[in-house]
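# Examining the three-dimensional arrangement
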Amino acid sequence: MNAAALLALQEIDSALTVIDNKRPRLPEVAAHRAAAEALAAHRARMADAQRRIDEAVAAIEATEHASADIVTKRTRLEGQLKTIIAPREAEALMHQIDTLNTQRGALDDQELASLDLQAEAESEMSAFDADLPALEATAAQARAELQVATAALDAEAADLHARRPAAAAALTEEELASYERARKHFDGVAITHLEGTHCHGCHLDLSPAELDEVKATPAGQLPECPQCGRYLVR
Ligand SMILES: [Zn+2]
């Protein structure tokens with residue numbers, strides 16, 4: 001077993017795992033998500049205000065149309081009134097005109113209420129408009145910072161990937177296959193350091209007898225940690 005070459009390959013693979021674990025935990029990821037959510041919520045409030053403006057404008061137009069129809073009817077009735085002599089018919093027409101006037105008054109009230117709603121939504125909208133650029137800038141900056149942080153990890157990973165083939169080439173096919181098997185089995189870390197009595201794979205200490213056994217391993221072979229079974233390099 002080429003212990004040094006195995007350890008070199010393990011270090012590259014472990015560094016790649018560390019990078020993969022770092023990606024979702026980057027503070028820039030959380031900051032970007034928060035900024036994007038704040039911007040989306042703001043835009044939703046703006047869309048709601050715009051919807052209320054549109055509804056108020058449509059309601060105002062509708063009351064104005066209805067009001068104009070009433071004026072047309074009333075003008076016609078007033079014309080008829082001038083030509084009528086019979087008091088009972090005149091009374092009936094005047095009653096119809098009164099009814100139209102009442103309807104028009106109600107429409108005027110509705111229009112005023114809609115104008116109030118429009119003004120309220122427009123004032124909210126102008127406040128939202130004023131806040132929008134800052135929120136957009138924060139989101140854009142967070143996105144740029146995330147890109148920079150991601151690019152730094154990409155560069156680190158690219159460097160490791162570039163070094164990996166040479167490190168793997170220093171091992172025989174058999175050693176490489178054994179390494180890949182052990183890596184799968186040990187959740188990515190097949191080879192680890194023994195520092196004094198301490199195994200860096202399982203973080204347990206070896207007893208003096210176990211340590212003697214490790215030391216007795218013939219040259220060219222890799223001892224295994226008696227606790228976790230990982231290959232040990234001293
Ligand atoms: Zn161990």
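The structure under discussion appears in the preceding block.
Residues numbered from 1 in each chain as written. Predicted model: local features only at pLDDT ≥ 70, side-chain atom pairs only at ≥ 80, totals over all residues. Heavy atoms only, no water.

### A short note on unusual backbone geometry
- Look at His-203: it is not a glycine, yet its phi comes out positive at around 65°.
- Counting through the fold element by element, His-203 comes out in the loop between strand S2 (198-199) and helix H5 (208-215).
- For His-203, a relative accessible area of 51% puts it in the exposed group. (Helix = DSSP H or I, 4+ residues; strand = E, 2+ residues; numbered from the N terminus. Buried < 20%, exposed > 50% of the residue type's maximum accessible area, 1.4 Å probe, protein only.)

### Observations concerning the nonpolar core
- Counting residues in each nonpolar core, the largest one holds 25 residues, and the members touching the most others are Leu-6, Leu-9, Leu-26, Tyr-179 and Ile-191.
- Secondary-structure elements contributing two or more residues to this core are helix H1 (3-25), helix H3 (87-169), helix H4 (173-185) and strand S3 (231-233).
- Setting aside residues no more than four positions away along its own chain, Leu-26 makes contact with Leu-146, Ala-149, Thr-150 and Leu-153.
- Within the second largest apolar cluster, 11 residues are counted, among which are Leu-39, Ala-49, Phe-128 and Ala-142. (Core = buried A, V, L, I, M, F, W, Y, C linked by side-chain atoms within 4.5 Å. Contact = heavy atoms within 4.5 Å.)

### What to know about the sheet that holds S3
- Here we have three strands laid out as an open sheet, ordered S2-S1-S3, and mixed in their pairing. At either margin of the open sheet sits one strand with a lone partner, and together these are S2 and S3.
- In this structure, strand S1 (residues 191-195) lies alongside S3, joined through three bridges in parallel fashion. For His-193, the partnering residue across the bridge sits in S3 and is Val-233.
- Across the sheet, H1 is in contact with S1 and S3; its angle to S1 comes to roughly 110°. (Pairing = 2+ DSSP bridges. Axes fitted to C-alpha atoms, helices over the stretch in contact; angles between N-to-C directions.)

### Digging into the coordination of the zinc ion
- Surrounding the zinc ion are the protein donor atoms Cys-199 (SG), Cys-202 (SG), Cys-225 (SG) and Cys-228 (SG), at 2.3 Å.
- One way to put it: the four donor atoms around the zinc ion meet at angles of 102 to 114°, and that makes the site tetrahedral.
- Donor residues for the zinc ion, ordered by position in the chain, follow C-x2-C-x22-C-x2-C. Taken together, the residues Cys-202 in the loop between S2 and H5 and Cys-225 in the loop between H5 and S3 connect sequence positions 23 residues apart.
- Since its relative accessible area comes to 21%, Cys-202 is described here as partly exposed.
- For Cys-225, a relative accessible area of 3% puts it in the buried group. (Donors = N, O, S within 2.8 Å, 3.2 Å for Na, K, Ca; no water. Tetrahedral: all angles 85-135°; square planar, octahedral: opposite > 155°, others 65-115°.)

### Comments concerning the packing of H1 against H4
- Relative orientation of the contacting elements H1 and H4 amounts to 40°, with a least axis distance of 12 Å. By the angle class used here, H1 and H4 are oblique. Pair H1 / H4 crosses with right-handed handedness. Contact residues: Leu-6, Leu-9, Gln-10 and Asp-13 in H1; Leu-176, Tyr-179 and Arg-183 in H4.
- In the contact of H1 with H4, the residues fall into four nonpolar, one polar and two charged. (Parallel < 35°, antiparallel > 145°, perpendicular 65-115°, else oblique. Left-handed = near helix turned anticlockwise from the far one by under 90°. Nonpolar A, V, L, I, M, F, W, Y, C, P; charged D, E, K, R; others polar.)

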